[in-house]
Amino acid sequence: MTVSTTTAQHPLLVRDRPNFEAGAQHLRVVDLFAGCGGLTLGVAQAAHGHGAGLDVVLAVDFVDAAVDVYRDNFPSANVRCASVEDFFDGELGELPTPSEQRTRSLCHDIHLLVGGPPCQGHSDLNNHTRRDDPKNALYVRMARAAELLRPDVVLIENVPAVRRDRKDAVGVTTKHLQQLGYSVASDVIGVHALGVAQTRKRHILLASRDGVLDVDAVLNDVGSKYLDLRCNLRWAIGDLVNVDNPKPYDQVPRASSANRERMEWLLRNNEYDLPNSLRPECHQNDHSYKSMYGRLSWDAPAQTLTSGFGSIGQGRYMHPELPRALTAHEAARIQGFPDYFTFASAKLRAQLADIIGNAVPPALSSAIASRLIPGLLADTSAVA
Ligand SMILES: C[S@@+](CC[C@H](N)C(=O)[O-])C[C@H]1O[C@@H](n2cnc3c(N)ncnc32)[C@H](O)[C@@H]1O
């Protein structure tokens, strides 16, 4: 299917940032493990769509470069470059610690607590520490944050494999939230159906205080959307073919001569998968690496994008028609970031790769928050 990528309405090509802070009512949000703000952006878009303004009462991440990007895009937000444990350091069920008391006085009347704790430990892409990583305990920090802040709604995003965590992070968090009076639902949701040119799937835990909102219905509704076939790579990055710019955001990734030859071979032979004989010897007999050294197709979404998008040795990241891997700009588009979202403060390609690869497609939180906001703002007790 050929789709024009040049109409003014294309949501990824919009360059003017909407005034997310404006609105008659304000949605008060806390974002933990906030990264560059993919979850926040989705919530902002949803709030804007409902005529409400965004008020980020607290956003926390401990990586400077990610926090800088967040701050540039949400200048009114209270963003802190710190560990989440600096704000929430107590045990579940215990009285608040002194730092938690300070956090609580800063963050009152919160509508929405969102968080995407680090997921390397759960990820099926991680072969070393899979599902038994101390980082997985950070998932449960979200339950502690909910215990202290008592937001109306909690949204936790993670990889689908989090369900198989050895320490049962999802089960522990669900049980604790239920004990606090929240109704809890969780599901795995594909982002392609939500308008993202990627087959990424995410685990979402959604909890509503006092059962005010029907969280099961919200996740069922979001998860049952039909695939949006429009959202292929041509739609997402077709206009970026000839952008070769020295700025890291649009800079074409360098490739080794061996990888360059592999890419030339795929183009010459109009193939998308590299035959075993052309792979490095260590990959030749392992079929779980099939997508590595692969070429993307214009007519399909990309596979799950990681911070390795700049090298074909890290996954199926070869451009559909050029002998190169993806630029940071293309990767951001494939994650669903519109052009008004700026990554300009990240000066190093490695920073851009980490920040964009770690991000959550905003369409996910946008779809969920859109269904929550009318109910959240109808309860005016927390409206600024
Ligand atoms: C999966 S990414 C989050 C993506 C982000 N929620 C978004 O919507 O784009 C996880 C983030 O957690 C941050 N992180 C990991 N451990 C942390 C900690 N203990 N305290 C604060 N941030 C942490 C990482 O720097 C990373 O940016």
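Definitions and cut-offs
- Residues numbered from 1 in each chain as written.
- Predicted model: local features only at pLDDT ≥ 70, side-chain atom pairs only at ≥ 80, totals over all residues.
- Heavy atoms only, no water.
- Helix = DSSP H or I, 4+ residues; strand = E, 2+ residues; numbered from the N terminus.
- Buried < 20%, exposed > 50% of the residue type's maximum accessible area, 1.4 Å probe, protein only.
- Contact = heavy atoms within 4.5 Å.
- Core = buried A, V, L, I, M, F, W, Y, C linked by side-chain atoms within 4.5 Å.
- Domains from an automatic or database assignment.
- Phe/Tyr/Trp six-rings, centres within 6.5 Å; stacked < 30°, edge-to-face > 60°.
- Lys NZ or Arg CZ within 6 Å of the ring centre and 35° of its normal.

1. Considerations on the environment of tyrosine 249
Now for step 1: Take tyrosine 249: it is sitting in the loop between helix 8 (233-237) and helix 9 (257-268).
Now for step 2: In this structure tyrosine 249 comes out as buried when scored by relative accessible area, which is 18%.
Now for step 3: In contact with tyrosine 249, not counting residues within four places along its chain, are Thr327, Ala328, His329, Ala332, Phe343, Leu352 and Ile356.

2. Notes on the nonpolar core
Now for step 1: Among the nonpolar cores identified, the biggest contains 81 residues, and Leu27, Leu206, Phe309, Phe343, Ile356, Ile368 and Leu372 are the most heavily contacted of them.
Now for step 2: Of the residues forming this core, the biggest block, nine residues, is contributed by helix 12 (residues 362-378).
Now for step 3: Counting residues domain by domain, this core receives three or more from each of domain 1 (26-93 + 107-227 + 359-382) and domain 2 (233-357).
Now for step 4: Setting aside residues up to four positions removed in sequence, isoleucine 368 forms contacts with Leu155, Ile204, Leu206, Val218, Leu219 and Val222.
Now for step 5: Listed in part, the 32 residues of the second largest apolar core include Val30, Val57, Ile156 and Ala169.

3. Points about the packing of aromatic side chains
Now for step 1: Applying the stated criterion across every chain, the model contains seven aromatic pairs.
Now for step 2: Taken together, the aromatic side chains of Tyr70, Phe74, Tyr249, Phe337, Phe341 and Phe343 make up a single cluster linked through ring pairs.
Now for step 3: Residue placement shows arginine 262 over the ring face of tyrosine 293; its charged tip is 4.8 Å from the ring centre.
Now for step 4: We note arginine 295 situated over the ring of tyrosine 272; from NZ or CZ to the ring centre the distance is 4.2 Å.

4. Points about the side chain of threonine 173
Now for step 1: With respect to the helices and strands, the residue threonine 173 is situated in helix 6 (residues 169-179).
Now for step 2: Those residues within four positions of threonine 173 in sequence are excluded, and the remaining contacts are Tyr139, Val140, Ala143, Ile156 and Leu205.

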